[in-house]
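Chain residues, written in single-letter form:
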Amino acid sequence: MLKIIIKEGENIERALKRYKRKHRNVKVMQNLREGQFFTKPSVKRRREIQKAEYIQNIRDQEDI
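All values reported here derive from a predicted model rather than from experimental measurement.

Trainee: Before we move on, could you go through the overall build of the protein and cite the residues and values that matter?
Mentor: Of the regular secondary structure elements, the protein holds 3 helices and 0 strands. For the protein, the N- to C-terminal ordering of α and β elements is α-α-α. Since a compact globule built from 64 residues should have a radius of gyration of about 11 Å, the 18 Å found for the protein marks it as more spread out than a globular shape. For the protein, the C-alpha atoms occupy an extent of roughly 50 × 40 × 10 Å along the three principal directions. Each of the 64 residues in the protein was classed as buried or not, and the buried ones make up 3%.

Definitions and cut-offs
- Residues numbered from 1 in each chain as written.
- Predicted model: local features only at pLDDT ≥ 70, side-chain atom pairs only at ≥ 80, totals over all residues.
- Heavy atoms only, no water.
- Helix = DSSP H or I, 4+ residues; strand = E, 2+ residues; numbered from the N terminus.
- Rg over C-alpha atoms; globule rule 2.2 N^0.38 Å.
- Buried < 20%, exposed > 50% of the residue type's maximum accessible area, 1.4 Å probe, protein only.

Here it is, written out as structure tokens:
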């Protein structure tokens, strides 16, 4: 469970922003969506490789 302790005098928008960041970093929704359907290990590996290639291409283009 996520807990956000609001400091004295802290703006509510700032606390909400911290909550959203924590929620995104924990990947709660992403794990729920992934768990809805079974994906074969070979498909998972293929997606990871495609993602790594995509990121590598972006970094290579930044260097140019």
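On we go.
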